[in-house]
Amino acid sequence: MTAALVAVGGAAACGTLRAAWKARAARRPWLMMAGWTLAAALLAAAVVLEGGAPGTFLALAVLPVGALALVASGLKLRDPRARPPREVALAPSDRASKAWRGGLRVLLAGPIGAVAAMGLALAFVVWTPGAPQTRMVLGGMLVPLLWGGAMAWTLADDRILRATAVLVGVAVVTFAASALRGFSV
């Protein structure tokens, strides 16, 4: 029952984030906040309903299933014999490239993204309930996934200063939260 609730809620959270992607600038922050708040509420509900460690792992496993179901619902079948129209790929940015922007992108996709990913994984290890060995293994498995997400985001986002602020802020907040709690067995 909890898994079904989390899967349906994951689809709803993903739908809200998709709507934020397409929305005008005035509504976008509210939709983004609503989507991520819904995902966090589903995680908290799973923890309450199933218990600490089982609820956390259930929510983290089933939330993406709901998002995948929403994405798969937009699948369009095409005729394999029909040739698609020739289109030119859109450029990520229309403004001229500058050396400082390229250098900052390299730093964000590389070391700064890695530090933010390690901070998030460390906060996961420190704050998640469960056996210490399990938390450490899962935290280690999260680092490359989070780092890849940071790379993809910083290389695709037009607003490089926003990406800088978010990644540096995430690194500072997660390492500070981990230092406050400490690793308790």
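Here, every reference points to the structure presented above.
Draft legend 1. Structural view of the packing of helix H4 (residues 99-127) against helix H5 (residues 132-156). Between H4 and H5, the least distance of the axes is 7 Å, while the angle of their chain directions is 150°. Taken as axis vectors, H4 and H5 run roughly antiparallel relative to one another. Like other packed secondary-structure pairs, H4 and H5 cross with a definite hand, here right-handed. A breakdown of the residues in the contact of H4 with H5 according to their chemical character gives 19 nonpolar, four polar and two charged.

Draft legend 2. Region of the structure containing helix H3 (residues 52-73). Between its terminal C-alpha atoms H3 stretches 32 Å, which fits the 32 Å expected from 22 residues at 1.5 Å a residue. For H3, the set of buried residues is Ala-53, Gly-55, Thr-56, Ala-59, Val-62, Leu-63, Gly-66 and Leu-70. Buried residues belonging to H3 abut helix H1 (2-22) and helix H2 (28-50).

Draft legend 3. Here's a closer look at the environment of Ala-109. Along the chain, Ala-109 turns up in helix H4. Given the relative accessible area of 11%, Ala-109 is considered buried. Taking the C-alpha atoms as reference points, Ala-109 and Leu-155, separated by 46 residues in sequence, lie 7.0 Å from one another. If we skip the residues at most four places from it in the chain, Ala-109 touches Trp-147, Met-151, Thr-154 and Leu-155.

Draft legend 4. Broad picture of the environment of Ala-163. With respect to the helices, strands and loops of the structure, Ala-163 is situated in helix H6 (residues 160-181). Look at Ala-163 and you get buried, because its relative accessible area is 0%.

Draft legend 5. Local environment of the packing of H1 against H2. At a minimum axis separation of 7 Å, H1 and H2 run at an interaxial angle of 170°. Here H2 runs roughly antiparallel to H1, going by the angle between their axes. Residue-level inspection shows Thr-2, Leu-5, Val-6, Gly-9, Gly-10, Ala-12, Ala-13, Thr-16, Leu-17, Ala-19, Ala-20 and Trp-21 of H1 in contact with H2, the latter providing Arg-28, Leu-31, Met-32, Ala-34, Gly-35, Trp-36, Leu-38, Ala-39, Leu-42, Ala-46, Leu-49 and Glu-50. By residue class, the composition of the contact of H1 with H2 is 17 nonpolar, five polar and two charged.

Draft legend 6. Quick look at the layout of surface pockets. Taken as a whole, the largest pocket spans an internal volume of roughly 1800 Å³. Forming the walls of the largest pocket are 36 residues, and the residues nearest its centre are Leu-17, Trp-21, Met-32, Trp-36 and Trp-153. If you list the elements that add at least two residues to the lining of the largest pocket, you get H1, H2, H3, H4, H5 and H6. Top contributing element to the lining of the largest pocket by residue count: H1, with seven residues. Grouping the constituent residues of the lining of the largest pocket by class yields 25 nonpolar, four polar and seven charged. Approximately 210 Å³ is the volume found for the second largest pocket.

Draft legend 7. Highlighting the side chain of Thr-128. Within the secondary structure layout, Thr-128 lies in the loop between H4 and H5. In this structure Thr-128 comes out as buried when scored by relative accessible area, which is 8%. At a separation of 2.6 Å, a polar atom in the side chain of Thr-128 contacts the main-chain carbonyl oxygen of Phe-124. Contacts of Thr-128, omitting those with residues within four sequence positions, involve Thr-56, Ala-123 and Arg-135.

Cut-offs applied
- Residues numbered from 1 in each chain as written.
- Predicted model: local features only at pLDDT ≥ 70, side-chain atom pairs only at ≥ 80, totals over all residues.
- Heavy atoms only, no water.
- Axes fitted to C-alpha atoms, helices over the stretch in contact; angles between N-to-C directions.
- Helix = DSSP H or I, 4+ residues; strand = E, 2+ residues; numbered from the N terminus.
- Parallel < 35°, antiparallel > 145°, perpendicular 65-115°, else oblique.
- Left-handed = near helix turned anticlockwise from the far one by under 90°.
- Nonpolar A, V, L, I, M, F, W, Y, C, P; charged D, E, K, R; others polar.
- Expected span 1.5 Å × (residues − 1).
- Buried < 20%, exposed > 50% of the residue type's maximum accessible area, 1.4 Å probe, protein only.
- Contact = heavy atoms within 4.5 Å.
- 1 Å grid on protein atoms, 1.4 Å probe; cavity = no way out; pocket = protein on both sides within 12 Å on 5 of 7 lines; lining within 4 Å.
- Points joined across faces, edges and corners; volume = space filled by probe spheres on them.
- Polar contact = N/O pair within 3.5 Å; in protein donor to acceptor, adjacent residues only side chain to side chain.

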